[in-house]
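# Analysis of the macromolecular model
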Amino acid sequence: MNTLSTSRVGTFTVRPLDPLKDAELLHTWVTHPKAAFWMMQDARLEDVERAYMEIAADEHHHAFLGLHDGVPAFLMEKYDPAHRELVGLYEPEPGDVGMHFLVAPSDRPVHGFTRAVITTVMAHLFEDPATARVVVEPDVDNKAVHALNEAVGFVPDHEIQKPEKKALLSFCTRAQFEKAVTA
């Protein structure tokens, strides 16, 4: 587990997701109206269990649960874009790592919370010295996540057509991330 403390927002930890123990919690998150871009709105609990059991068994895709001050607060997925999600849609480079993240819905939003989450996610990914660049492919209409991505150093490259959506392929190198979070 890694920890990133921020004086204003709290302490974040990241641990591997347990598909069976965490499925009920995840189900409430991925079916919430605010998670529309996650594309699991109609998922049943069994669907969520199955999806995350498949990820747990996949050597090229990993899921993590993020905690804020010890309480589950976000979901993070890390994948190898040479083998998952983006195969045939761009030319992967050595050290590329794909990422998805989802912040748990809240009735009491905290200013700067989601930015702290994505900063934690990126710091976690870059803890691995083999990670040279993080790749994301959010829906072109997800303007909120585009702004968050930009805030941590992502640079949009071009739109791609995935089977389930039109996406904005964006990249962030370690240097871009470090510059964005220290600026």
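Residues numbered from 1 in each chain as written. Predicted model: local features only at pLDDT ≥ 70, side-chain atom pairs only at ≥ 80, totals over all residues. Heavy atoms only, no water.

Once that is clear, we can look at the overall build of the chain. When its secondary structure is counted, the chain shows 5 helices and 8 strands. Across the chain, helices and strands are ordered from the amino to the carboxyl terminus as β-β-α-α-β-β-β-α-β-α-β-β-α. Rg of the C-alpha trace for the chain: 16 Å, near the compact-globule value of 16 Å for 183 residues, within the 12% margin. Expressed along its principal axes, the backbone C-alpha trace of the chain runs to roughly 40 × 35 × 30 Å. (Helix = DSSP H or I, 4+ residues; strand = E, 2+ residues; numbered from the N terminus. Rg over C-alpha atoms; globule rule 2.2 N^0.38 Å.)

On to the side chain of Asn149, then. For Asn149, the position within the fold is in helix α4 (residues 143-151). Owing to a relative accessible area of 4%, Asn149 belongs among the buried residues under this scheme. Those residues in contact with Asn149, other than ones at most four positions away along the chain, are Ile118, Val136, Pro138 and Phe154. (Buried < 20%, exposed > 50% of the residue type's maximum accessible area, 1.4 Å probe, protein only. Contact = heavy atoms within 4.5 Å.)

Before going further, it helps to spend a moment on α4. Those residues of α4 not exposed but buried are Val145, His146, Leu148, Asn149 and Ala151. The elements touched by buried residues of α4 are β5 (96-103), α3 (113-126), β6 (133-136), β8 (166-173) and α5 (174-182). Gly153 lies just past α4 and shows a positive phi near 110°.

Let's shift gears to the packing of aromatic side chains. Across all of its chains, the model carries 4 aromatic pairs by this definition. Summarising the aromatic geometry, the rings of Phe12 and Phe113 are spaced 5.6 Å apart at their centres and angled 50° between planes, so their arrangement reads as tilted. Here Phe12, found in strand β2 (residues 10-16), pairs with Phe113, found in helix α3; they are 101 residues apart in sequence, far enough to count as distant. The burial state of Phe12 is the same as that of Phe113; both residues are buried. For the pair Tyr90 and Phe171, a centre-to-centre distance of 5.6 Å together with 45° between the ring planes defines the contact as tilted. (Phe/Tyr/Trp six-rings, centres within 6.5 Å; stacked < 30°, edge-to-face > 60°.)

Taken N-terminus to C-terminus, the directions of helix α1 (residues 23-30) and helix α2 (residues 45-56) make an angle of 110°; their axes are 9 Å apart at the nearest point. When the axes of α1 and α2 are compared, the pair comes out roughly perpendicular. Across the interface between the two elements, Ala23, Glu24, Leu26, His27 and Val30 of α1 pack against Leu45, Val48, Glu49 and Tyr52 of α2. Across the contact of α1 with α2, the residue classes break down as 6 nonpolar, 1 polar and 2 charged. (Axes fitted to C-alpha atoms, helices over the stretch in contact; angles between N-to-C directions. Parallel < 35°, antiparallel > 145°, perpendicular 65-115°, else oblique. Nonpolar A, V, L, I, M, F, W, Y, C, P; charged D, E, K, R; others polar.)

Another point: the pairing of strand β3 (residues 61-68). Within β3, 7 of the 8 residues are buried, which leaves the element mostly enclosed by the surrounding structure. Bridge count between β2 and β3: 5 bridges; the pairing is antiparallel. Residue pairing for β3: Arg15 is matched across the bridge by Leu65. Strand direction decides the pairing type here: β3 and strand β4 (residues 71-79), joined by 8 bridges, are antiparallel. Counted as the bridge partner of Phe64 is Met76 from β4. The hairpin turn running from β3 into β4, its antiparallel successor, is 2 residues long, and Asp69 in that turn takes a positive phi close to 50°. (Pairing = 2+ DSSP bridges.)

Our focus in this paragraph is unusual backbone geometry. The phi dihedral of Asp69 is positive, around 50°, even though this residue is not glycine. Among the secondary structure elements, Asp69 is positioned in the loop between β3 and β4. With relative accessibility at 47%, the residue Asp69 sits in the partly exposed group.

On to the environment of Asp141, then. Among the secondary structure elements, Asp141 is positioned in the loop between β6 and α4. When the C-alpha positions of Asp141 and Pro92 are compared, they lie 24 Å apart, and in sequence the two are 49 residues distant.

Here we take up the side chain of Asp139. Here Asp139 shows up in the loop between β6 and α4. There is no salt bridge for the buried Asp139, and the closest opposite charge comes from Lys165, which lies 6.0 Å off by N-O distance. A polar contact of 2.7 Å, which involves the side chain of Asp139, links it to the backbone nitrogen of Asp141. (Lys, Arg positive; Asp, Glu negative; His and termini not counted. Salt bridge = Lys/Arg side-chain N within 4 Å of Asp/Glu carboxyl O. Polar contact = N/O pair within 3.5 Å; in protein donor to acceptor, adjacent residues only side chain to side chain.)

Everything listed here is a matter of geometry and, on its own, says nothing about what the molecule does.
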